[in-house]
Amino acid sequence: MKTTHKIILGDALKVLKTIPDNSVDLVFADPPYNMSKKNGLSWKYSKHVTMQESWDMFSKDEYFKFNKEWLGECFRVLKHGGSLWVSGSFHNIYQTGFIIQEFFPDVKINNSIVWFKPNAQPNITCRFFTESTEHLIWASKNGDGKKWKFNYKWTKDHIEDSLNPKGKQTRNVWSIPLTPKKEKWAGKHPTQKPFELLRRIILSSTHEGDTVLDPFVGSGTTSAVAKYYGRNSIGIELDEKYMNIIKKRLQKEQKTLSGEEPEIIFEEFKG
């Protein structure tokens, strides 16, 4: 099955407005967590400075408005029976869940997933417990009497880690290491997600030929996984400096399970 993968350079809030209602089967969003600081964070034993991304800085009111707007657009373009997955930390995941429950009555939160990172980075301030997890909300749009897709048998047969034996019901705690260096060959991105995380999300919630949307596509992992497993994809990225990483991954990682040559489109939003 030939698939199409479109990457759009532009502001997600503007680009999403151009996507038709009820047109995508799955949304995966790794939005800004609003963790960054103007001067970043540093450790006295190192010159390395982290958490200093301009796209990840909002005031309290700006951040709530931003989250409500992008979620609203994503639910608008999501088909009835489709799923939305959102990743986050304690900085944003509680607000995200509140917005979903408070403002979108046709949406059901099915699960929260705890992603445990067995090789998590140390806490550089030494003033808190070491953050070794991220959290994911799995929600579905259930209007028109349509239930969500869930490939239950696939999860039993194909998800396996130290907390989830193969052949058993998959628990809502997943043990997946941080993104390995071999997946970062195309360049550096501060929040690149592992291939395995997106594999579980996409293959548990979609069928071949479905369309996956990522409004904050970053380094392109969502599109790469969708391409490999025969799903169509739309990715939106605000920062031009990451487009080269995405292009390298989608153009050079041509292997797909079906062997079909996918169509890959890069465009800049002009609206």
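Residues numbered from 1 in each chain as written. Predicted model: local features only at pLDDT ≥ 70, side-chain atom pairs only at ≥ 80, totals over all residues. Heavy atoms only, no water.

Caption draft 1: Quick peek at the overall build of the protein chain. Looking only at helices and strands, the protein chain has seven helices and eleven strands in total. A globule of 271 residues ought to have a C-alpha radius of gyration of about 18 Å, and the protein chain, at 18 Å, matches this closely. Considered along the principal axes of its C-alpha atoms, the protein chain spans approximately 55 × 50 × 45 Å. Sorting the 271 residues of the protein chain into buried and exposed places 47% on the buried side. Taking the intrachain contacts of the protein chain between residues at least 6 apart in sequence as the baseline, contacts between residues at least 24 apart amount to 71%. Total accessible area on the protein chain is roughly 14,200 Å²; 52% of this is exposed by carbon and sulfur atoms. The average position of the 41 basic charges and that of the 32 acidic charges among the side chains of the protein chain differ by 5 Å. (Helix = DSSP H or I, 4+ residues; strand = E, 2+ residues; numbered from the N terminus. Rg over C-alpha atoms; globule rule 2.2 N^0.38 Å. Buried < 20%, exposed > 50% of the residue type's maximum accessible area, 1.4 Å probe, protein only. Contact = heavy atoms within 4.5 Å. Areas by Shrake-Rupley, 256 points an atom, 1.4 Å probe, with all protein chains shown as cover. Lys, Arg positive; Asp, Glu negative; His and termini not counted. Charge placed at Lys NZ, Arg CZ, Asp CG, Glu CD.)

Caption draft 2: The arrangement of the nonpolar core in detail. Counting residues in hydrophobic clusters, the biggest one holds 30 residues, and the most contacted among them are V24, V27, W70, L71, F75, L84 and L213. Residue assignment for this core shows that the elements contributing at least two residues are α1 (12-16), β2 (24-29), α2 (60-77), β5 (78-88), α3 (93-103), β7 (133-141) and β10 (232-237). Dropping the residues within four chain positions of it, L84 is found in contact with V27, L71, C74, F75, L78, I137, W138 and A139. By size, the runner-up hydrophobic cluster in this structure holds 20 residues, among which are W138, I176, L198 and V212. (Core = buried A, V, L, I, M, F, W, Y, C linked by side-chain atoms within 4.5 Å.)

Caption draft 3: Main features of the side chain of T211. Inspection of the secondary structure puts T211 in strand β9 (residues 211-214). With relative accessibility at 16%, the residue T211 sits in the buried group. Look past the residues within four positions of T211 in its chain and what remains in contact with it is S23, V24, D25, L26, N232 and I234.

Caption draft 4: Just the packing of helix α5 (residues 195-205) against helix α6 (residues 221-228), in detail. Interhelical geometry of α5 versus α6 gives an angle of 60 degrees and a closest axis separation of 9 Å. Here α5 is positioned oblique relative to α6, judged by the angle of their axes. Like other packed secondary-structure pairs, α5 and α6 cross with a definite hand, here right-handed. Residues F195, L198, R199 and I202 of α5 form the contact with α6, whose participating residues are T221, T222, A224, V225, A226 and Y228. Class assignment of the residues belonging to the contact of α5 with α6 gives a composition of seven nonpolar, two polar and one charged. (Axes fitted to C-alpha atoms, helices over the stretch in contact; angles between N-to-C directions. Parallel < 35°, antiparallel > 145°, perpendicular 65-115°, else oblique. Left-handed = near helix turned anticlockwise from the far one by under 90°. Nonpolar A, V, L, I, M, F, W, Y, C, P; charged D, E, K, R; others polar.)

Caption draft 5: Broad picture of the pattern of salt bridges. Counted under the stated rule, the structure contains 15 salt bridges. Salt-bridge contacts for K79 lead to D25; the nearest nitrogen and oxygen are separated by 3.2 Å. Of the two residues, K79 is situated in strand β5 and D25 in strand β2; the sequence distance between them amounts to 54 residues. K79 sits in the partly exposed class, given a relative accessible area of 32%. Since its relative accessible area comes to 8%, D25 is described here as buried. (Salt bridge = Lys/Arg side-chain N within 4 Å of Asp/Glu carboxyl O.)

Caption draft 6: Region of the structure containing the packing of aromatic side chains. Considering all chains together, one arrives at twelve aromatic pairs under this definition. Centroid distance F75 to F104: 5.0 Å. Interplanar angle 50 degrees. Geometry classified as tilted. With F75 in helix α2 and F104 in the loop between α3 and β6 (107-116), the pair connects residues that are 29 residues apart, well separated along the chain. Judged on exposure class, the residue F75 and its partner F104 are both buried. Grouped by ring-pair contacts, the aromatic residues W85, W138, F150, Y152 and W174 constitute a single cluster. Lying across the ring of F103, K68 places its NZ or CZ 4.0 Å from the centre. Here the basic side chain of K247 rests over the ring of F266, its NZ or CZ set 5.5 Å away from the ring centre. (Phe/Tyr/Trp six-rings, centres within 6.5 Å; stacked < 30°, edge-to-face > 60°. Lys NZ or Arg CZ within 6 Å of the ring centre and 35° of its normal.)

Caption draft 7: Representation of the environment of I8 within the structure. Residue placement: I8 occurs in strand β1 (residues 4-9). On the basis of relative accessibility, which here comes to 7%, the residue I8 falls in the buried class. Separated by 193 residues in sequence, I8 and I201 have C-alpha atoms that sit 22 Å apart. Excluding anything up to four places from it in sequence, I8 contacts V15, I234, G235, I236, E237, E267 and F269.

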